[in-house]
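# Residue-level structure breakdown
Here are the chains, one letter per residue:
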Amino acid sequence: VISAYAPQAGLDEENFWEVLDEVVRGVTSTEMFFIEGDFNGHIGSLSRGYDDVHSGCGFSFGEQNEGGASLLDFSRVFGLWVANSSFPMREERLITFRTSMAKTQIDFLHLRKGDRVICKDCTAIPSENLLTQHRLLVMDLVIYKGKKKRSVETGLKIK
């Protein structure tokens with residue numbers, strides 16, 4: 001699990017993407033990984049040419065901005081899928097950051113496109129907790145344990 005927290009707008013965003021790029025390149029192709037984080041960007045509810053990384057079926061919230069485009073470009077380069085933009089849910093479950101003035105979707109969960117079959121659902125859980133403006137973002141995964149191979153006996157059987 002990779003936890004990412006983008007800097008506030010205008011603060012060394014380029015360094016953030018370089019470091020995240022390095023971390024993701026360090027993961028081998030045989031390993032499964034998930035990226036969760038506050039990316040301070042809006043991917044928007046329309047795919048706008050990014051239908052290979054998110055559904056664009058109205059399962060996102062808001063309009064795409066520059067930060068969201070950077071996130072989607074990053075996802076495309078690494079063959080990632082944005083999990084929380086791909087499941088139908090009420091608006092209340094799409095919002096990941098809420099203040100008294102605004103509500104947005106800036107936290108996202110990513111996994112490799114090939115691993116998306118294990119993701120059964122993804123949602124933001126509204127909370128009564130007043131200490132944080134971010135909502136808990138969860139993903140339901142089904143990971144099957146592979147069957148253990150039986151050893152083949154090499155000797156002859158005696159009756």
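Going by the structure above, here's the rest.
Just so it is clear, the model here is predicted, and its values are computed rather than measured. (Residues numbered from 1 in each chain as written. Predicted model: local features only at pLDDT ≥ 70, side-chain atom pairs only at ≥ 80, totals over all residues. Heavy atoms only, no water.)

Let's shift gears to the packing of aromatic side chains. Taken as a whole and judged by the stated rule, the model has five aromatic pairs. Measuring from centroid to centroid gives 5.0 Å for Phe 16 and Trp 17, while their planes differ by 75°, and the two rings are edge-to-face. Judged by its relative accessible area of 13%, Phe 16 falls in the buried class. Residue classification places Trp 17 among the buried residues on the basis of a relative accessible area of 18%. Among the aromatic residues, those joined into a cluster by ring pairs are Phe 16, Trp 17, Phe 39, Phe 74 and Phe 78. (Phe/Tyr/Trp six-rings, centres within 6.5 Å; stacked < 30°, edge-to-face > 60°. Buried < 20%, exposed > 50% of the residue type's maximum accessible area, 1.4 Å probe, protein only.)

It is a general feature of regular strands that their side chains alternate between the two faces of the sheet. Within strand E6 (residues 107-112), six of the six residues are buried, which leaves the element mostly enclosed by the surrounding structure. Where strand E3 (residues 80-82) lies against E6, three bridges are found, and the strand directions are antiparallel. Looking at the pairing, Leu 80 lines up with Arg 112 of E6. (Helix = DSSP H or I, 4+ residues; strand = E, 2+ residues; numbered from the N terminus. Pairing = 2+ DSSP bridges.)

What follows concerns the sheet that holds E3. In spatial order, the strands read E1-E2-E6-E3; together these four strands make up an open sheet with mixed pairing. Each edge of the open sheet is held by one strand with a lone partner, namely strand E1 (2-5) and E3. On average, each strand axis in the sheet is tilted by 25° relative to the strand beside it, whichever way the strands run. Helix H1 (residues 13-25) rests against E1 and strand E2 (34-38) of the sheet, and its axis sits at about 175° to E1. Contacts from helix H2 (residues 66-78) reach E2, E3 and E6 within the one sheet, and its direction differs from that of E3 by about 140°. (Axes fitted to C-alpha atoms, helices over the stretch in contact; angles between N-to-C directions. Contact = heavy atoms within 4.5 Å.)

Another point: H1. Along its 13 residues, H1 runs 19 Å from first to last C-alpha, staying within 8% of the 18 Å computed at 1.5 Å per residue. Taken as a whole, H1 has its buried residues at Phe 16, Trp 17, Leu 20 and Val 24. Buried residues of H1 fall within an arc of 95° about the axis and therefore sit on the same side. Looking at H1, the residues exposed on the side facing more than 90 degrees away from the buried face are Glu 14, Glu 22 and Arg 25. (Expected span 1.5 Å × (residues − 1). Arc of directions from axis to C-beta.)

The next point concerns a nonpolar patch on the surface. There is a patch of nonpolar side chains on the surface, built from Met 32, Leu 141 and Ile 143 and spanning about 260 Å² of accessible area. Counting through the fold element by element, Leu 141 comes out in strand E8 (residues 136-141). For Leu 141, a relative accessible area of 31% translates into the label partly exposed. (Patch = residues over 30% accessible without salt bridge, like charges linked within 9 Å, V, L, I, M, F, W, Y side chains within 5 Å. Areas by Shrake-Rupley, 256 points an atom, 1.4 Å probe, with all protein chains shown as cover. Salt bridge = Lys/Arg side-chain N within 4 Å of Asp/Glu carboxyl O.)

Moving on, we get to the packing of H1 against H2. For the pair H1 and H2, interaxial distance at closest approach is 12 Å and the crossing angle is 20°. Of the possible angle classes, the one that applies to H1 and H2 is roughly parallel. Crossing hand, H1 versus H2: right-handed. In this structure, H1 uses Trp 17, Leu 20, Asp 21, Val 24 and Arg 25 to contact H2, whose residues at the interface are Ser 70, Leu 71, Phe 74 and Phe 78. Its residues placed into classes, the contact of H1 with H2 shows six nonpolar, one polar and two charged. (Parallel < 35°, antiparallel > 145°, perpendicular 65-115°, else oblique. Left-handed = near helix turned anticlockwise from the far one by under 90°. Nonpolar A, V, L, I, M, F, W, Y, C, P; charged D, E, K, R; others polar.)

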